[in-house]
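# Breakdown of the fold
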Amino acid sequence: MTLGPAFFDRPAPEVAPELIGATLLVNGVGGVLVEVEAYDQADPASHSFRGPTPRNAAMFGPPGHAYVYKIYGMHWCLNFVCQPGSAVLIRALEPQHGLDLMHQRRGVVAERQLCSGPGKLCQALGISIAQNGLPLDASPFSLSAADTRPDIAAGPRIGITKGVDTPWRFVVAGSLFLSKPLR
DNA sequence: AGCTTGATTGCCT
DNA sequence: GGCAATCAAGCTA
């Protein structure tokens with residue numbers, strides 16, 4: 001079943017764990033989501049904390065669309081917009097479709113390193129600012145709900161300096177495709 | 001107009 | 001484990 005606007009029109013911390021196990025494809029390339037993080041407007045770690053800006057405009061747009069931004073001057077990060085000002089960062093997935101293309105784009109041989117981090121995932125799937133604001137239930141995206149819900153674990157988010165104790169990182173317990181093991 | 005810093009990655013020791 | 005790469009958004013003035 002395709003995940004559309006109704007699924008995303010809820011608080012990000014509620015949506016995030018339900019995305020674990022879903023299948024994300026971009027132009028047919030992708031796999032099963034194994035690691036995500038939630039951000040909302042009351043959260044000092046969120047781009048939306050200080051209100052709308054040109055960069056984060058998509059976070060205040062319709063739910064179920066993509067929010068893509070560049071970090072550290074070189075990497076792209078993909079988010080799914082939930083209720084206004086909140087979104088879910090897609091951090092890692094288990095590669096299942098389009099492995100050849102992913103290897104080509106990433107230049108690595110180890111399958112576990114293809115999409116084990118937000119920047120890596122965007123490189124492997126060909127995500128850039130060109131996809132910012134696009135709906136997730138239409139081409140080039142394809143997002144389908146999990147058939148069976150995997151065991152989910154939660155912990156603190158990665159790489160932030162504010163809101164460090166908020167346990168809004170959700171992962172497939174014991175997955176070998178995470179950016180880092182859960183603490 | 002100038003300064004700081006980041007929801008990261010990969011290479012070096 | 002430490003740190004350079006690389007640059008624009010966002011903040012201070």
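The text that follows walks through the structure, step by step, so that each part is easy to find. These figures come from a predicted structure and were not determined experimentally.

Parameters and conventions
- Residues numbered from 1 in each chain as written.
- Chains lettered and ligands numbered in written order.
- Predicted model: local features only at pLDDT ≥ 70, side-chain atom pairs only at ≥ 80, totals over all residues.
- Heavy atoms only, no water.
- Helix = DSSP H or I, 4+ residues; strand = E, 2+ residues; numbered from the N terminus.
- Contact = heavy atoms within 4.5 Å.
- Near = heavy atom within 4 Å.
- Polar contact = N/O pair within 3.5 Å; in protein donor to acceptor, adjacent residues only side chain to side chain.
- Nonpolar A, V, L, I, M, F, W, Y, C, P; charged D, E, K, R; others polar.
- Phe/Tyr/Trp six-rings, centres within 6.5 Å; stacked < 30°, edge-to-face > 60°.
- Buried < 20%, exposed > 50% of the residue type's maximum accessible area, 1.4 Å probe, protein only.
- Lys NZ or Arg CZ within 6 Å of the ring centre and 35° of its normal.
- Pairing = 2+ DSSP bridges.
- Core = buried A, V, L, I, M, F, W, Y, C linked by side-chain atoms within 4.5 Å.

Moving on, we come to the environment of Ala 153. Note on placement: Ala 153 falls in strand E7 (residues 152–155). It is 28 Å that separates the C-alpha atoms of Ala 153 and Gly 28, two residues lying 125 residues apart in sequence. With residues near it in sequence (within four places) discarded, Ala 153 still touches Arg 169, Phe 170, Val 171, Ala 173 and Leu 182.

Okay, the protein's contact with DNA strand B next. Residues in contact with DNA strand B amount to 21 residues; listed here are only the nearest, His 47, Tyr 69, Asn 79, Arg 106 and Gly 119. Among atoms of DNA strand B positioned within 4 Å of the protein, sugar and phosphate together represent 53%. Side-chain polar atom of Tyr 69 to a base nitrogen of DNA strand B: 2.9 Å apart, as the coordinates give it. Measuring from a phosphate oxygen of DNA strand B, one finds a backbone N or O atom of Gly 117 at 3.5 Å. Looking at the surface near DNA strand B, the element that brings in the most residues is helix H4 (residues 118–125), giving 3 residues. Here the residues of the surface near DNA strand B sort into 10 nonpolar, 8 polar and 3 charged.

Here we come to the packing of aromatic side chains. Overall, the coordinates contain 3 aromatic pairs when judged by the stated rule. Between Phe 7 and Phe 8, the ring centres sit 5.0 Å apart and the planes meet at 90°, which makes this aromatic pair edge-to-face. Residue classification places Phe 8 among the buried positions, given a relative accessible area of 0%. A connected cluster of aromatic rings, assembled from ring pairs, spans Phe 7, Phe 8 and Phe 80. Taking the ring centre of Tyr 39 as reference, the NZ or CZ of Arg 157 above it sits at 4.5 Å.

Here we take up the environment of Tyr 69. Looking at the element boundaries, Tyr 69 is found in strand E3 (residues 66–71). Under the relative-accessibility criterion, Tyr 69 is labelled buried at 10%. What Tyr 69 contacts, discounting residues up to four positions off in sequence, is His 47, Arg 55, His 75, Trp 76, Cys 77, Asn 79 and Leu 89.

A few words now on the pairing of E3. Relative to strand E4 (residues 75–81), E3 runs antiparallel, the two being bridged by 6 bridges. By the bridge assignment for E4, Tyr 67 is matched with Asn 79. Where E3 folds back onto E4 in an antiparallel hairpin, the turn is made up of 3 residues, including Tyr 72, whose phi is positive at roughly 55°.

By size, the foremost hydrophobic cluster in this structure holds 41 residues, and its most contacted members are Phe 8, Leu 19, Leu 24, Leu 78, Phe 80, Val 88 and Leu 125. If we skip the residues at most four places from it in the chain, Leu 24 touches Val 29, Gly 30, Gly 31, Leu 33, Leu 78, Phe 80, Leu 93, Leu 125, Phe 141, Ser 142 and Leu 143. Counting residues in each nonpolar core, the second largest holds 11 residues, with Tyr 39, Ala 58, Val 81 and Ile 160 among its members.

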